[in-house]
Amino acid sequence: MSRSARSTPPSSPANKPEKRIEALRIFWERITNRKIWHYTPDGDIFRQWRNLTSAWMTSAMGQPGFFTPHQMNPWFSPVGARTATSYYDTMPLKESLLELVDFDLINEKKVRFAVGAVNVLSGNFIYFDNSHDEIEPEHIMASGALPPALPMVRIGTDHFWDGGIVSNTPLQHLLDQEDALNSLVFQVDLFSARGVLPRSIQDVMARHKDIMYSSRTRHNTDVYRRTHNLKVLLHKALAKLPDEQLSDEERKLKASLCHMPEIAILHLIYQQKAYEGDAKDHEFSGTSMREHWTSGYEDTKRTLKRRDWIKMPEEGMGLVVHDVHRETESA
C-alpha cells in the first residue's frame, strides 16, 4: 500500500488484525483530545476561527502523545545545542509508538514494511525496509520529521528528515521492486493538485502547500505510468520479430519484458474543506480528525464499489490509474 501522511500514526501491519483499529483509535484520540471550543456555531467562518485557534494551540503547546515545544526557542539556543535545530521535541511520539506498535511483528517480515527519509548531510533519499533493516521507532519518526518544526532523527551515525522533502509518496519504492508481481495499489494523498483560485492570502498559502506536496506525487505517478507502458509497447514490438533477427542483448531484453506485471493504482485524494486553510497539516482537533476519517471512509466505499477498477487489468494494459473524484481512467 502506498501511503502519504504528514503525521505518523501506527501502520496497520504493525499490529495483529484484532488490535489494529484499536491502536489507531488510541493514537489519534490521544493526539486530538485537547478541547478547543465546547461549541462551534454553524457556518464556515466559525469553523475557520475554530481551526485557526486549534492550529495556534498546536504551535504554542504541541500535541499530546506527539510533540512538545522545546523549553528554549531555537533562535535563542546556542549553536549545536539539541534545541537549536527545531521548535519541538518528538520524544512523546517515540513513547506512543513503543506503546502502540508491535515492532517485533514488523520485523518478523510477514508483511513488507518501508518508510522513506532524507539524509540531512547528503540530501539522498533512503527507504528503511524491513526486508533488510531492523525497524525501530526512530525509522518511523525520521519518516515524519518535517523541518524546521520537528527535529532530525539520528539513526546510526546519520541524521534524517521527512522523506516528503524529496518525494511525498513511497510509490517509487513500491514499483521499483523486481518481483514482477501484479499489484493493486491504494495511493492515499492528503494534498490535492486540483483546487480553486485563491481569494485571500490564507487561500494563497493553502494552495501553495497543496501544489508543493501534491506535485511530486503526480509527477512520480505519471513518470512510472509512461515508463511502464512504454516497456509494454516495446515488448509487443520485439515479440513481432523472430528471435534470429534479434541481437543477444535484444533477446535478453525481450525475455525480461515478457514478465512485466499488470498494475492498477487506486488514487484517493483528500478534498479540502473551504474553511481548513493552510494550517491543515498541523491542525489536530478532534472535530477535524473525525471529518477526515469520514471523508476517507466515504472515498474508500465509493472506490471499492467500482468492481471494474479492482479487477486485474487485462494483459498488456500496463499501469492504469483510477481516481474516484475524477471518475475517469488514465492509461
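Being a predicted model, the structure only gives us computed values, none of them experimental.

1. Observations concerning the overall build of the chain
Line of reasoning, step 1. On a plain count of helices and strands, the chain comes out with ten helices and eleven strands.
Line of reasoning, step 2. Taking 331 residues into account, the globule formula puts the C-alpha radius of gyration at 20 Å, and the chain, at 22 Å, falls close to it.
Line of reasoning, step 3. Each principal axis of the C-alpha distribution contributes one length, and for the chain these read about 75 × 50 × 40 Å.
Line of reasoning, step 4. Put simply, of all contacts in the chain between residues at least 6 apart along the chain, 63% involve residues at least 24 apart.
Line of reasoning, step 5. Charged side chains of the chain number 41 positive and 44 negative; the gap between the two group centres comes to 4 Å.

2. Quick notes on the confidence of the model for the chain
Detailed reading of predicted coordinates is not advised where the pLDDT is low.
Line of reasoning, step 1. The predicted model of the chain has a mean per-residue pLDDT of 85, with 92% of residues at 70 or higher.
Line of reasoning, step 2. Predicted confidence for residues 1–12 stays below pLDDT 50, and this span has 45 contacts to residues more than four positions away or in other chains.

3. Things to note about the pairing of strand 4 (residues 114–119)
Line of reasoning, step 1. With five of its six residues buried, strand 4 lies for the most part within the structure.
Line of reasoning, step 2. Taken together, the five bridges between strand 4 and strand 5 (residues 125–129) define a ladder with antiparallel strand orientation. Looking across to strand 5, one finds that Ala 117 is bridged to Ile 126.
Line of reasoning, step 3. From the end of strand 4 to the start of strand 5, which pair antiparallel, there are five residues, and Gly 123 there has a positive phi angle of about 75 degrees.
Line of reasoning, step 4. Two strands pair when backbone bridges link them, and strand 4 and strand 7 (residues 158–162) are joined in this way by three bridges, in the antiparallel orientation. Each bridged residue has a counterpart across the sheet, and for Asn 119 the counterpart in strand 7 is Phe 160.

4. Some points on the environment of Arg 20
Line of reasoning, step 1. As for its placement among the helices and strands, Arg 20 is situated in helix 1 (residues 17–31).
Line of reasoning, step 2. Along the backbone, Arg 20 and Val 101 are 81 residues apart, and their C-alpha atoms lie at a distance of 9.1 Å.
Line of reasoning, step 3. In this structure the side chain of Arg 20 is engaged in a polar contact, spanning 2.6 Å, whose partner is the backbone oxygen of Asn 15.

5. Thoughts on the sheet that holds strand 7
Line of reasoning, step 1. The strand order across the open sheet formed by four strands is 5-4-7-6, and the pairing between neighbours is antiparallel. Strand pairing shows two members of the sheet lacking a second neighbour, strand 5 and strand 6 (153–155), which therefore form its edges. For this sheet, the mean angle separating the axes of adjacent strands, direction not counted, is 50 degrees.
Line of reasoning, step 2. Note that strand 6 and strand 7 share three bridges and pair antiparallel. Opposite Ile 155, over in strand 7, you have Asp 158 as the bridge partner.

6. Brief notes about the nonpolar core
Line of reasoning, step 1. Phe 66, Leu 97, Phe 103, Ile 106, Phe 128, Ile 135 and Ile 140 are the most contacted members of the largest nonpolar core, which has 28 residues in total.
Line of reasoning, step 2. Every element with two or more residues in this core is listed here: helix 1, helix 3 (91–100), helix 4 (103–106), strand 4, helix 5 (137–143) and strand 6.
Line of reasoning, step 3. Not counting chain neighbours up to four residues away, the residues in contact with Phe 103 comprise Leu 97, Leu 98, Ile 135, Glu 136, Pro 137 and Ile 140.
Line of reasoning, step 4. In this structure, Leu 171, Leu 175, Leu 319 and Val 321 belong to the second largest nonpolar core, which totals seven residues.

7. Focus: unusual backbone geometry
Line of reasoning, step 1. Along the chain, Pro 147 connects to Pro 148 via a cis peptide bond; the corresponding omega equals 0 degrees.
Line of reasoning, step 2. Positionally, Pro 148 belongs in the loop between helix 5 and strand 6.
Line of reasoning, step 3. A positive phi angle, near 65 degrees, is found at Lys 109, a position not held by glycine.
Line of reasoning, step 4. By the secondary structure assignment, Lys 109 is in the loop between helix 4 and strand 4.

8. Re the environment of Val 166
Line of reasoning, step 1. By the element assignment, Val 166 lies in the loop between strand 7 and helix 6 (171–175).
Line of reasoning, step 2. Residue class for Val 166 comes out partly exposed when judged on its relative accessible area of 39%.
Line of reasoning, step 3. C-alpha of Val 166 to C-alpha of Tyr 213: the two residues are 47 residues apart in sequence and 9.6 Å apart in space.

What counts and what doesn't
Residues numbered from 1 in each chain as written. Predicted model: local features only at pLDDT ≥ 70, side-chain atom pairs only at ≥ 80, totals over all residues. Heavy atoms only, no water. Helix = DSSP H or I, 4+ residues; strand = E, 2+ residues; numbered from the N terminus. Rg over C-alpha atoms; globule rule 2.2 N^0.38 Å. Contact = heavy atoms within 4.5 Å. Lys, Arg positive; Asp, Glu negative; His and termini not counted. Charge placed at Lys NZ, Arg CZ, Asp CG, Glu CD. pLDDT = per-residue confidence, 0-100. Buried < 20%, exposed > 50% of the residue type's maximum accessible area, 1.4 Å probe, protein only. Pairing = 2+ DSSP bridges. Polar contact = N/O pair within 3.5 Å; in protein donor to acceptor, adjacent residues only side chain to side chain. Axes fitted to C-alpha atoms, helices over the stretch in contact; angles between N-to-C directions. Core = buried A, V, L, I, M, F, W, Y, C linked by side-chain atoms within 4.5 Å.

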